[in-house]
Amino acid sequence: METFVFPDKNRMNTAAALRAAELLKNAIEIKGSATFIAATGTSQFGFLEALTADHDIDWPKTTMFHLDEYIGLPETHPASFRKYLKERLINRVHPGTVHLIDGNKRDPEAECQRLNDLISVQEIEVAFVGIGENGHLAFNDPPADFDVEDPYIVVNLDEDCRKQQFGEGWFSSLREVPTQAISMSIRQIMKSKTIICTVPDQRKAQAVRACLLGNVTPLHPASILQEHENATVYLDAESASQL
């Protein structure tokens, strides 16, 4: 795992997006296609803005998988990650194939199985991820399951996670935040050939310190990135302030 610290989030996002674009272009040149995993949340705003501004990526030759989604939330809700990705990525660059998580299906386990069948035959070139205020990776809240092999799983969202979603302005009240989600598992994320993790803002500083400098433990889920052969963490001065 490598870590880079930038003076501000704009330079952090630009650097992360340049690396992401390079990986996608190289894979397309060598294999004719590239499969990637897209993350959401406020921490990904600038990164996705910079990445989708790169018009040299042959986006129709890419396949996108979705990192996580709330259960029971319609796509019309402001917090829907399907809505987020359509507005900030899909409708801007039009990846060739898109596999979104439908958390509003009646049977979330069946939706997991549908996605598991799709992703199990894919080689993931790069996963775009962040780190939550509670150290979560995707919606794998502490203590995360480091052993489950299923690519997509149903998870419970802890209080700190739900407070973060409310605090970021996605919901009008804490009570409105769903208590469950469909998330890509830790094992599946770690199968990605490369991981690009962008983490801005002071509110993430404590989690960054715990996950990057502490022991690898399910209590700090993103600490597992320390064990990936090709993970790069991009920080701004605020998120790196406790390192």
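Anything mentioned here points back to the structure above.
Counting restarts for each chain, with residues numbered from 1 along the sequence as it is written. Totals for whole chains, interfaces and linings use all residues, but because this is a predicted model, local features are given only for residues with pLDDT of at least 70 and pairs of side-chain atoms are given and counted only at 80 or more. The side-chain figures draw on all heavy atoms in the structure; neither hydrogens nor water molecules are used.

> Run through the sheet that holds strand S4 (residues 68-70), naming residues and quoting values.
The criterion for strand pairing is that DSSP finds at least two bridges linking the strands in question. Helix and strand labels come from DSSP, where a helix needs a run of H or I of at least four residues and a strand needs a run of E of at least two; each type is numbered from the N terminus. Spatially, 3 strands are ordered S4-S8-S7 in an open sheet, and the strand pairing comes out antiparallel. Here the strands that pair on one side only, and so sit at the sheet edges, are S4 and strand S7 (152-156). For this sheet, the mean angle separating the axes of adjacent strands, direction not counted, is 25°. Sheet analysis places S4 next to strand S8 (residues 180-184), joined by 3 bridges and oriented antiparallel. Angles shown run from 0 to 180 degrees and are taken between the N-to-C directions of axes, each axis being a line fitted to C-alpha atoms and, for helices, limited to the stretch in contact.

> Quick one: what's the story with a nonpolar patch on the surface, residue by residue and with numbers?
Candidate patch residues must exceed 30% relative accessible area and have no salt bridge, after which like charges are joined if within 9 Å and Val, Leu, Ile, Met, Phe, Trp or Tyr side chains if within 5 Å. Areas reported as accessible are Shrake-Rupley estimates using a 1.4 Å probe. Residue values count occlusion only from the protein chains shown. One side-chain nitrogen of Lys or Arg within 4 Å of one carboxyl oxygen of Asp or Glu is enough to make a salt bridge. On the surface, a nonpolar cluster with roughly 280 Å² of combined accessible area is contributed by Val5, Leu213 and Leu243. Mapped onto the elements of the fold, Leu213 is located in helix H7 (residues 205-213).

> Which residues make up helix H3 (residues 81-93), and what are the values?
Any helix carries an expected span of 1.5 Å times its number of residues minus one. For H3, spanning 13 residues, the distance from its first C-alpha to its last is 17 Å, which sits close to the expected 18 Å at 1.5 Å a residue. Fitting axes to the seven residues ending at a residue and to the seven starting there, one defines the bend at that residue as the angle between these axes. Where H3 bends most, at Glu87, the angle is about 45°. Exposure is judged per residue with a 1.4 Å probe applied to protein chains only, and the accessible area is read against the type maximum: over 50% gives exposed, under 20% gives buried, and values in between give partly exposed. If you check which residues of H3 are buried, you get Phe81, Arg82, Tyr84, Leu85, Leu89, Ile90 and Val93. Tucked inside the fold, the buried residues of H3 contact strand S2 (34-38), helix H2 (45-52), strand S3 (62-66), S4 and strand S5 (97-99). Any pair of nitrogen or oxygen atoms within 3.5 Å is treated as a polar contact; in protein, a donor-acceptor pairing is required on top of that, and neighbouring residues in sequence qualify only through side-chain atoms on both sides. One side-chain oxygen at the N-terminal end of H3 lies 3.3 Å from the backbone nitrogen of Arg82; it belongs to Ser80. Of the residues trailing H3, His94 is marked for its positive phi of about 55°. Whether two residues touch is decided by their heavy atoms; if any such pair falls within 4.5 Å, the residues are in contact.

> Explain the packing of aromatic side chains residue by residue, including any values.
Working definition: rings of Phe, Tyr and Trp (its six-membered ring) pair if their centres are within 6.5 Å, and the pair is stacked with planes under 30 degrees apart, edge-to-face with planes over 60 apart, and tilted otherwise. Inspection of the entire model under this criterion finds 13 aromatic pairs. Considering the side-chain rings of Phe45 and Tyr84, the 5.8 Å spacing of their centres and the 25° angle between planes classify their relative orientation as stacked. Here Phe45 is found in helix H2, whereas its partner Tyr84 is found in helix H3, with 39 residues between them in sequence. Under the relative-accessibility criterion, Phe45 is labelled partly exposed at 32%. The class of Tyr84 is buried, set by a relative accessible area of 1%.

> Can you explain helix H4 (residues 108-119)? Please cite residues and give values.
Taking 1.5 Å as the rise per residue, H4 with 12 residues should run 16 Å; its terminal C-alpha atoms sit 16 Å apart, in good agreement. Taken together, the buried positions of H4 are Pro108, Glu111, Cys112, Leu115, Asn116 and Ile119. End-on view of H4: buried residues confined to an arc of 140°, all on one side of the axis. Tucked inside the fold, the buried residues of H4 contact S3, S7, S8 and helix H6 (186-190). Taking the backbone nitrogen of Glu109 as reference, a side-chain oxygen 3.1 Å away marks Asp107 as the first, capping residue of H4. This arc describes the spread of directions from the helix axis toward the C-beta atoms.

> An account of the pattern of salt bridges is requested, with residue identities and associated values reported.
Across all of its chains, the model carries 21 salt bridges by this definition. Notably, a salt bridge pairs Glu49 with Arg92, separated by 2.9 Å at the nearest N-O pair. Of the two residues, Glu49 sits in helix H2 while Arg92 sits in helix H3, which places them 43 residues apart along the sequence. The exposure class assigned to Glu49 is partly exposed, which follows from its relative accessible area of 47%. With a relative accessible area of 41%, Arg92 lands in the partly exposed category. Here Lys105 and Glu111 are joined by a salt bridge, their closest N and O atoms 3.4 Å apart.

> Go over the packing of H2 against H3, please, and point to the residues and values.
Two quantities define a packed helix pair, namely the angle between the helix axes and the distance between the axes. Interhelical geometry of H2 versus H3 gives an angle of 10° and a closest axis separation of 10 Å. In terms of axis orientation, H2 runs roughly parallel to H3. Within the contact between the two elements, H2 uses Phe45, Leu48, Glu49 and Thr52 and H3 uses Tyr84, Arg88, Leu89, Arg92 and Val93. Each residue gets one label: Ala, Val, Leu, Ile, Met, Phe, Trp, Tyr, Cys and Pro are nonpolar, Asp, Glu, Lys and Arg are charged, and the others, such as Gly, are polar. Considered class by class, the residues forming the contact of H2 with H3 number 5 nonpolar, 1 polar and 3 charged. Angular relationships are summarised with four words: roughly parallel below 35 degrees, roughly antiparallel beyond 145, roughly perpendicular across 65 to 115, and oblique for the angles in between.

> Report on the nonpolar core, specifying residues and quantitative values.
Judged by nonpolar contacts, the single largest core of 44 residues is most densely connected at Phe36, Leu51, Tyr70 and Phe128. Listing elements by their share of this core, those giving two or more residues are helix H1 (9-31), S2, H2, H3, strand S6 (126-129) and S7. In terms of residue count, the dominant contributor to this core is H1 (10 residues). Excluding anything up to four places from it in sequence, Leu51 contacts Ala17, Ala20, Ala21, Ile57, Trp59 and Phe128. As used here, the term nonpolar core means buried Ala, Val, Leu, Ile, Met, Phe, Trp, Tyr and Cys residues forming a set that is joined through side-chain atoms within 4.5 Å.

Function cannot be inferred from these measures alone, as they are strictly geometric.
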